[in-house]
Amino acid sequence: MTTSEMIELAENFAQDAHAVSELLRADGPVRQVRMPRGLPCYVVTGFTEARALLADPRLRKNTVGIRALFEAKLPPDSTQNGLAPDLSWHMLNSDPPDHTRLRKLVNKAFTARTVARLRPRVEEITAGLLDALAGQERADLVASFAAPLPITVICELLGVREEDRTEFSGWSRTLLSGLAQPEAVQAAAQSMFGYLTGLIAQKRAEPAEDLLSDLVHASDDGDSLSEPELVSMAFLLLVAGHETTVNLIANGVLALLREPEQLARLRAEPELLPGAVEEFLRFDGPIHLATLRFTAEPVEVAGVTIPEGEFVLVSLLGANRDAERYPEPGRLDITRPAGGHLAFGHGIHYCVGAPLARLEAEIALGALLARFPDIALDAKPDELVYRPSSLVHGLETLPVRL
């Protein structure tokens, strides 16, 4: 196999994400692939190359450019899923100077102080969820703990009504599924758009002490978010604000349950938890392939020239298991100096919610291990099913014995 040959990825490639990354990296850190719905692109799995490209201004992310390339590279009747344009005008799909402006406005509302003052509430929500699990012999830890914690936190932070959260979570899962039919994706996008438009109108008329109200009224030198930008930014923060943490918590628990010695070490030395969270992010992170980028000019990567006008996908999972950066990358080691991993990206698009995700994971994992000293996996590892998504890397369910 040579680097010029294009690899066809099967629809279920997310089920063996790490194995796929190893296959792609076998002949070099960048490979041409065809995604399951037909999209041709280059996938980067090497750590050094991935880190460089995540911060390379020659790789663009703007919505207009991405949509134009989709039209050029896929047949008109393609089943490639895509979000409605109404949800695309956020900072993750923009380049400077638009990205700079959007991120600056969001940062004014999403501050370190905001995250720090959430700690007592995150601890309270965590305790309530664990109380509900007490007395049960078995549970699905995704549905009962890993998912409701970050969903509750981000919805409270943004001011989403409690009665709307289940429906919102369903829309999110549909939009991120790699196997959902285009009609279902479009229906979910329209429902999400309609709900967020109404919520923003409410926050504009009756501001409250929440992040969405802050975003509605945020300004910098007379600048503010437009209506499409507000709707798209609310969508981004709601989805990214819980999807990442759901998978971080569940993947971290699974990693520990499969490594009893590491679990025992963490129980004995809970002060290792902050570093352990970084190792969970590196070892089995919540994001598989970073969101689409495209080349604005030819870019050479490890001896491979990616032409202008090509899609590039950076494998965060692959990069974080590159043996040239992390010795014995497939081994979990909660004492490993895992800092510098790419689980939250790198460069100007580095995840704005990373501090909140770390806070939630540290609180959730520490409390879970303290409450249930005998917790164990209630399924064979090969029975676990991963969500069919090229973006999020997470389990459908995590059956445990408590």
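Residues numbered from 1 in each chain as written. Predicted model: local features only at pLDDT ≥ 70, side-chain atom pairs only at ≥ 80, totals over all residues. Heavy atoms only, no water.

### Considerations on empty space enclosed by the protein
Line of reasoning, step 1. All told, the structure shown has one cavity of 30 Å³ or more when counted by the stated rule.
Line of reasoning, step 2. When its volume is computed, the largest cavity comes out at roughly 30 Å³.
Line of reasoning, step 3. Taken together, Leu 9, Phe 13, Ala 17, Val 20, Ser 21, Leu 24, Val 43, Thr 45, His 288, Leu 289 and Ser 315 make up the lining of the largest cavity.
Line of reasoning, step 4. Ranked by residue count, the leading element in the lining of the largest cavity is helix α1 (residues 17-25), at four residues.
Line of reasoning, step 5. The class makeup of the residues in the lining of the largest cavity is seven nonpolar, four polar and no charged. (1 Å grid on protein atoms, 1.4 Å probe; cavity = no way out; pocket = protein on both sides within 12 Å on 5 of 7 lines; lining within 4 Å. Points joined across faces, edges and corners; volume = space filled by probe spheres on them. Helix = DSSP H or I, 4+ residues; strand = E, 2+ residues; numbered from the N terminus. Nonpolar A, V, L, I, M, F, W, Y, C, P; charged D, E, K, R; others polar.)

### Focus: the nonpolar core
Line of reasoning, step 1. With 117 residues, the main nonpolar core has Leu 141, Phe 145, Met 192, Leu 215, Leu 266, Phe 280 and Leu 398 as its most contacted residues.
Line of reasoning, step 2. Excluding residues that lie within four positions of it along the chain, Leu 266 makes contacts with Leu 256, Leu 272, Leu 273, Ala 276, Phe 280, Ile 334 and Leu 369. (Core = buried A, V, L, I, M, F, W, Y, C linked by side-chain atoms within 4.5 Å. Buried < 20%, exposed > 50% of the residue type's maximum accessible area, 1.4 Å probe, protein only. Contact = heavy atoms within 4.5 Å.)

### Here we look at the sheet that holds strand β11 (residues 399-401)
Line of reasoning, step 1. If you walk across this open sheet you meet the three strands as β5-β11-β10, and the pairing is antiparallel. In the strand order of this sheet, the two ends are held by β5 (138-140) and β10 (376-377), each with one partner.
Line of reasoning, step 2. Note: β5 against β11, three bridges, orientation antiparallel. What sits directly across from Asp 140, in β11, is Pro 399. (Pairing = 2+ DSSP bridges.)

### Quick word on helix α12 (residues 227-257)
Line of reasoning, step 1. With 31 residues, α12 ought to run about 45 Å at 1.5 Å a step, and its terminal C-alpha atoms sit 46 Å apart, in line with that.
Line of reasoning, step 2. Most of α12 is tucked away: 28 of the 31 residues are buried. (Expected span 1.5 Å × (residues − 1).)

### Some remarks on unusual backbone geometry
Line of reasoning, step 1. Across the junction of Pro 96 and Pro 97, the peptide omega takes the value 5 degrees, indicating a cis bond.
Line of reasoning, step 2. Locating Pro 97 in the fold gives a position in the loop between α3 (63-73) and α4 (98-109).
Line of reasoning, step 3. Even without being a glycine, Ala 302 presents a positive backbone phi close to 50 degrees.
Line of reasoning, step 4. Along the chain, Ala 302 falls in the loop between β7 (299-301) and β8 (304-306).
Line of reasoning, step 5. Positive phi outside glycine occurs at Glu 328, with the angle close to 45 degrees.
Line of reasoning, step 6. Considering the arrangement of structural elements, one finds Glu 328 in the loop between α15 (316-320) and α16 (354-371).

### Examining the packing of helix α9 (residues 165-176) against α12
Line of reasoning, step 1. Packing of α9 against α12 brings their axes to within 11 Å, and their N-to-C directions diverge by 85 degrees. It follows from the interaxial angle that α9 and α12 lie roughly perpendicular. Judged by residue contacts, Phe 168, Ser 172, Arg 173, Leu 175 and Leu 176 of α9 engage Phe 235, Leu 238, Val 239, His 242 and Glu 243 from α12.
Line of reasoning, step 2. The class makeup of the residues in the contact of α9 with α12 is six nonpolar, two polar and two charged. (Axes fitted to C-alpha atoms, helices over the stretch in contact; angles between N-to-C directions. Parallel < 35°, antiparallel > 145°, perpendicular 65-115°, else oblique.)

### Focus on the sheet that holds strand β2 (residues 30-34)
Line of reasoning, step 1. If you walk across this open sheet you meet the six strands as β1-β2-β3-β9-β6-β4, and the pairing is mixed. Because the sheet does not close on itself, it has two edges, and the strands there are β1 (7-8) and β4 (59-60).
Line of reasoning, step 2. Across three bridges, strand β3 (residues 40-44) lies against strand β9 (residues 311-314) in parallel orientation. Within β9, the residue paired with Tyr 42 across the bridge is Val 312.
Line of reasoning, step 3. Contacts between α3 and the sheet are confined to β3, β6 (293-295) and β9, with β9 contributing the most and set at about 110 degrees to the helix.

### Observations concerning the pattern of salt bridges
Line of reasoning, step 1. With the rule as written, the count across this model stands at 26 salt bridges.
Line of reasoning, step 2. Between Glu 137 and Arg 138 there is a salt bridge whose closest N-O contact spans 4.0 Å.
Line of reasoning, step 3. The class of Glu 137 is exposed, set by a relative accessible area of 62%.
Line of reasoning, step 4. A salt bridge links Asp 164 to Arg 161; the nearest nitrogen and oxygen atoms lie 2.8 Å apart.
Line of reasoning, step 5. Looking at Asp 164, the relative accessible area reads 14%, which means it is buried.
Line of reasoning, step 6. By sharing partners, the salt bridges in this structure join Glu 137, Arg 138, Asp 378 and Arg 401 into a single network. (Salt bridge = Lys/Arg side-chain N within 4 Å of Asp/Glu carboxyl O.)

### Considering α9
Every α-helix carries 3.6 residues per turn, so stepping three or four residues along brings you back to the same face.
Line of reasoning, step 1. A rise of 1.5 Å per residue sets the reference length of α9, with its twelve residues, at 16 Å; its end C-alpha atoms lie 17 Å apart and thus fit the reference within 8%.
Line of reasoning, step 2. Where α9 is concerned, the buried positions are Arg 165, Phe 168, Ser 169, Trp 171, Ser 172, Leu 175 and Leu 176. Here the buried residues of α9 occupy an arc of 160 degrees about the axis, which is enough to place them on one side.
Line of reasoning, step 3. Tucked inside the fold, the buried residues of α9 contact α8 (148-158), α10 (182-205) and α12. (Arc of directions from axis to C-beta.)

### Observations regarding the pairing of β2
Line of reasoning, step 1. The element β2 is largely enclosed, with a buried count of four among its five residues.
Line of reasoning, step 2. Assessed by its sense of winding, the connection that carries the chain from β1 through α1 to β2 is right-handed.
Line of reasoning, step 3. With five bridges joining them, β2 and β3 adopt antiparallel strand pairing. Across the sheet, the residue bridging to Val 30 is Val 44, located in β3.
Line of reasoning, step 4. Between β2 and the antiparallel strand that follows it, β3, lie five residues; Gly 38 among them carries a positive phi value of about 105 degrees. (Right-handed = clockwise from strand over helix to strand, strands pointing away.)

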